[in-house]
Every structure is written in C-alpha cells, then in structure tokens.
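# Coordinate inspection notes
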Amino acid sequence: MPRARPHHKINLALQGGGAHGAFTWGVLDRLLEDGSLDIGWVSGTSAGAVNAVALAAGLAAGGREGARAKLREVWEAVHKAGVPDLLRLNPLLYGLTNSHTMAQVASLWSPYDFNPLGFDPLRKLLEEKIDFAKVRADSPVELLIAATEVSTGRSRNFRRAEMTVDAVLASSCLPTLHRTVEIDGSAYWDGGFSKNPDLVTLALESPVPDTLLVQINPLFRHGVPTGAREIAGAVNRLTFNAPLLRDVELIETARKATRSRLVPARGPFAPLVRHRFHMIEAGRYTASLPDESKLKPDLGLLTYLYSAGRTQTHKWLGRTLASIGKRETVDLARHFLAGEGSVGEDDGSAADGRDHDGAAVAGAATGSPGKSTRSL
C-alpha cells in the first residue's frame with residue numbers, strides 16, 4: 001500500500017505586480033492540483049489581492065477544483081478586458097491602447113481628467129466573477145487584503161468578514177491611472193505603497209506557522225536606467241519592493257534580538273520569530289520583461305507567466321514539501337538584506353533557513369537587518 005504523502009497547512013503571501021500576477025495564478029493552480037498542502041491565511045496586495053479573492057471564492061463554491069476554475073475564469077476575463085471600457089467609450093482615447101501610451105497619458109492627465117465618469121472595468125469584472133457575499137460567509141481561508149490610507153500612508157488590512165469589491169479595488173488603485181477608492185469615509189490607494197504583501201501580520205496572527213511568499217517583482221536589475229521610461233520603471237520597482245524589505249528587516253531584527261536575549265523568547269514577537277517562511281519567486285521571468293507589460297494583459301504574456309508559475313511550483317514542491325512544518329527553506333536575511341537575491345536564483349531554496357524554534361542552523365545567514373484594466 002503506498003505511503004500517504006505529508007499533508008500540512010500553509011499561509012500564502014501574494015505580491016502585487018499587475019499582469020505579472022499571472023505567475024501567481026500558475027503557482028496557485030499547481031498547489032491546488034497537487035493537493036498536498038491546505039491553505040490557511042492569504043495575504044495579498046494588488047494583483048495578489050485579485051488572486052486571493054478568486055482563490056477564496058473558488059474554494060468556498062467548489063473546493064480545490066472550484067478554485068482552479070475560478071482563477072482561470074478571472075484571468076481569462078482580465079485578458080478579454082485588456083482594452084478598458086473607458087477607452088472604448090471615449091473616442092479621444094480609443095487609439096491609446098498600448099501600455100506605453102497609457103503611461104504617457106497618466107503622466108500628463110489625472111484619472112479625473114481622462115476618466116471623468118469613473119469607468120472601471122476591473123470593478124465590472126470582479127462583480128461578475130466573484131461572489132463576495134459567499135466569500136464573507138463561507139470562505140475556508142482568512143484574507144488580509146492590504147490597501148494604503150491616502151491621508152496617513154498607513155496600511156489597512158481588509159479581512160474576510162469585511163471583504164467587498166471596493167476592498168480589492170482599493171488594494172489595486174494606482175492613483176495615476178485610477179480614481180481614489182473611498183471606504184467608510186477614508187480614501188485608499190494601492191496597497192503596494194505600504195504592504196506588498198503583509199508578512200508581519202500574517203506571521204503574528206495566523207495559527208498556521210508556515211508561509212509561502214510568492215514574489216513577483218525582481219529585487220534588482222542590472223545597469224543604471226537613463227531613459228525616462230527606464231527611470232520610471234525603476235522608481236516603480238523600488239517603491240513597491242520597499243514595504244516587503246521593511247517587513248523582512250523587522251522579522252530579522254526580532255529574530256536577532258531574541259537570539260541575543262534582548263527580548264524575551266516568549267514575548268509578543270515570539271510567533272514572528274518562530275514563523276517559517278518559504279518562497280517561490282518570478283524574478284528570473286519578470287526581470288527581462290518591459291515595465292509597461294504590467295499594464296497590458298496580453299494573452300501570450302499571461303500564458304507564459306502562468307506556465308512559469310506552474311513550473312517553478314512543481315520544482316518547489318519536489319524540493320521543499322518535506323520541510324513544511326519542520327524548517328524554513330528561504331534565508332530571508334541573505335536573500336533580501338544581504339544583496340544575494342538575484343534574478344537567476346532559484347527561489348531562494350538553497351538556504352535551509354531556520355528550525356521550528358527560529359534558532360539559527362548551519363548555513364543560516366548572519367547578515368544584519370540594516371492594460372490597463374487596472375494595475376492588477
């Protein structure tokens with residue numbers, strides 16, 4: 001009789017990245033197909049938020065296969081909505097359908113100028129494809145959907161019980177392209193300005209002690225940008241990677257303080273110290289793509305990244321599944337803080353990370369913390 005495969009729960013932390021979020025779709029599809037891991041909590045920002053609510057809606061309605069079908073349905077709808085409704089309805093803007101031209105428009109006009117009626121194809125798509133009432137009532141996974149409060153710059157996490165289409169739109173609201181989303185009297189922009197995604201809340205509050213981070217954006221690109229488009233792309237990459245780096249710095253500072261006995265091992269940060277992180281990254285695929293491709297959900301691009309996500313997850317499962325519930329498999333300090341993460345590195349999996357108590361093990365780093373349908 002064949003031996004049963006290990007079965008554990010794992011949280012998901014899903015980074016934003018526009019149309020590049022199709023990589024995460026591939027990751028989720030392969031995880032659901034494999035069936036070895038149950039999903040605990042899901043933290044998502046921007047494209048990660050769209051993937052998170054599609055996952056939750058599918059699981060609530062039809063289990064794993066329902067989630068796979070819902071993710072495909074949503075991403076196929078994203079592709080079909082590649083030329084946004086506001087352009088179809090505005091003759092002046094109809095010809096501006098390539099992402100580079102849209103970026104130029106955004107640099108000259110605000111969304112209140114070029115979209116005065118507030119048409120939003122992502123709202124229409126989500127309202128048609130996601131049953132938010134069922135997500136709130138029946139989703140088997142908790143959600144942390146990050147958005148940034150405009151007045152303070154602070155992050156707000158929208159939870160499963162309060163999940164609405166506006167929460168997802170707030171998480172994916174780039175203010176140069178989309179009108180500000182207001183919820184309960186507060187204005188919100190893209191969650192990537194403050195959490196991309198939120199690792200700290202996930203580690204502190206989730207009862208599941210393992211989290212898989214799906215990293216979409218490359219940590220660095222070779223060369224110095226000199227052209228206007230390249231500089232804008234670099235600013236975007238640095239801006240939306242900064243919150244993730246801050247979370248990793250906080251996690252590693254807490255771990256270092258605990259090891260040096262500066263803070264009690266059983267204090268409020270104990271869950272953060274002990275939490276085990278794992279990672280699948282898309283950098284080797286997304287680093288070579290033009291920055292404006294995030295705004296244009298071309299079918300070829302979506303298919304390429306979806307397949308890449310499935311491939312990387314298949315490798316990750318074969319290499320890492322036995323470690324879930326036992327040890328961390330990505331060295332956060334080395335990958336994010338010591339400058340050793342690279343576009344060619346294979347998901348940070350070479351590091352054995354930490355054991356289940358958060359103590360350093362052999363090989364652990366000693367580095368100090370130091371389309372526009374919408375930007376999915």
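As shown above, the structure is provided for reference.
The rules behind these values
- Residues numbered from 1 in each chain as written.
- Predicted model: local features only at pLDDT ≥ 70, side-chain atom pairs only at ≥ 80, totals over all residues.
- Heavy atoms only, no water.
- Helix = DSSP H or I, 4+ residues; strand = E, 2+ residues; numbered from the N terminus.
- Buried < 20%, exposed > 50% of the residue type's maximum accessible area, 1.4 Å probe, protein only.
- Areas by Shrake-Rupley, 256 points an atom, 1.4 Å probe, with all protein chains shown as cover.
- Expected span 1.5 Å × (residues − 1).
- Core = buried A, V, L, I, M, F, W, Y, C linked by side-chain atoms within 4.5 Å.
- Contact = heavy atoms within 4.5 Å.
- Salt bridge = Lys/Arg side-chain N within 4 Å of Asp/Glu carboxyl O.
- Axes fitted to C-alpha atoms, helices over the stretch in contact; angles between N-to-C directions.
- Parallel < 35°, antiparallel > 145°, perpendicular 65-115°, else oblique.
- Left-handed = near helix turned anticlockwise from the far one by under 90°.
- Nonpolar A, V, L, I, M, F, W, Y, C, P; charged D, E, K, R; others polar.
- Phe/Tyr/Trp six-rings, centres within 6.5 Å; stacked < 30°, edge-to-face > 60°.
- Lys NZ or Arg CZ within 6 Å of the ring centre and 35° of its normal.
- Polar contact = N/O pair within 3.5 Å; in protein donor to acceptor, adjacent residues only side chain to side chain.
- Patch = residues over 30% accessible without salt bridge, like charges linked within 9 Å, V, L, I, M, F, W, Y side chains within 5 Å.

### Remarks on the overall build of the protein chain
The number of helices and strands found in the protein chain is 14 helices and eight strands. Counting only residues that meet the buried cut, the protein chain has 55% of its 376 residues in that class. Of the roughly 15,600 Å² that the protein chain leaves accessible, carbon and sulfur atoms contribute 55%.

### So, helix α10 (residues 228-259)
Side chains that are three or four residues apart share a direction in an α-helix, a result of its 3.6 residues per turn. For α10, which comprises 32 residues, the first-to-last C-alpha distance of 46 Å matches the rise-based estimate of 46 Å (1.5 Å per residue) to within 8%. Residue Arg261 follows α10 closely and has a positive phi angle near 65°.

### Describing the nonpolar core
Among the nonpolar cores identified, the biggest contains 66 residues, and Leu12, Phe23, Val42, Leu126, Leu143, Met163 and Trp316 are the most heavily contacted of them. At 15 residues, the largest contribution of residues to this core is made by helix α2 (residues 47-80). If we skip the residues at most four places from it in the chain, Trp316 touches Ile10, Leu31, Leu37, Leu212, His278, Met279, Ile280, Leu321, Ile324 and Thr329. If you look at the next biggest cluster of nonpolar residues, it comprises 19 residues, including Val200, Leu202, Leu213 and Val248.

### Considering the pattern of salt bridges
Counting across every chain of the model gives 19 salt bridges. Here Glu33 makes a salt bridge to Arg310, at a shortest N to O gap of 2.9 Å. In this pair, Glu33 sits in helix α1 (residues 22-34) while Arg310 sits in helix α13 (residues 299-320), placing the two residues 277 residues apart along the sequence. In this structure Glu33 comes out as partly exposed when scored by relative accessible area, which is 36%. Across the salt bridge formed by Arg156 and Glu162, the nearest N and O atoms sit 3.0 Å from each other.

### Concerning the packing of α2 against α13
Where α2 meets α13, the axes come as close as 10 Å, and the angle between the chain directions of the two elements is 150°. Between α2 and α13, the angle is such that the two are roughly antiparallel. Both α2 and α13 take part in a crossing whose hand is right-handed. Counting all contacts with α2, which are made through Arg68, Arg72, Trp75 and His79, the residues of α13 involved are Leu299, Leu302, Tyr306 and Arg310. Its residues placed into classes, the contact of α2 with α13 shows four nonpolar, one polar and three charged.

### With respect to the packing of aromatic side chains
A full pass over the atoms with the stated rule returns seven aromatic pairs. Where Trp25 meets Tyr306, the ring centres are 4.2 Å apart and the plane angle is 35°; that geometry is what we call tilted. Here Tyr306 lies in helix α13 and Trp25 lies in helix α1, a separation of 281 residues in the sequence. With respect to burial, Trp25 and Tyr306 carry one shared label: buried. One aromatic cluster in this structure is built from Phe23, Tyr285 and Tyr304. Above the plane of the ring of Tyr306 lies Arg72, whose end atom (NZ or CZ) is 5.4 Å from the centre.

### What to know about α13
The end-to-end C-alpha separation of α13 is 31 Å, in line with the 32 Å expected for 22 residues at 1.5 Å each. N-capping of α13 is provided by Asp298, with a side-chain oxygen placed 3.0 Å from the backbone N of Gly300.

### Things to note about unusual backbone geometry
Here the residue pair Asn196 and Pro197 is connected by a cis peptide bond, since its omega of -10° sits within 30 degrees of zero. Mapped onto the elements of the fold, Pro197 is located in the loop between β6 (186-190) and α9 (200-205). Even without being glycine, Ser46 reaches a positive phi, approximately 60°. If you trace the backbone, Ser46 turns up in the loop between β2 (37-44) and α2. Classification of Ser46 as buried rests on a relative accessible area of 3%. Despite not being glycine, Asp184 has its phi angle at roughly 55°, a positive value. As for its position among the elements, Asp184 is in the loop between β5 (181-183) and β6.

### A closer look at a nonpolar patch on the surface
A cluster of nonpolar residues, Leu204, Leu250 and Phe269, forms a patch on the protein surface that exposes about 230 Å² of accessible area. Structurally, Leu204 can be placed in helix α9.

### Some remarks on the environment of Ala47
Along the chain, Ala47 turns up in helix α2. Considered as a pair, Ala47 and Gly192 are 145 residues apart in the sequence and their alpha carbons are 9.8 Å apart.

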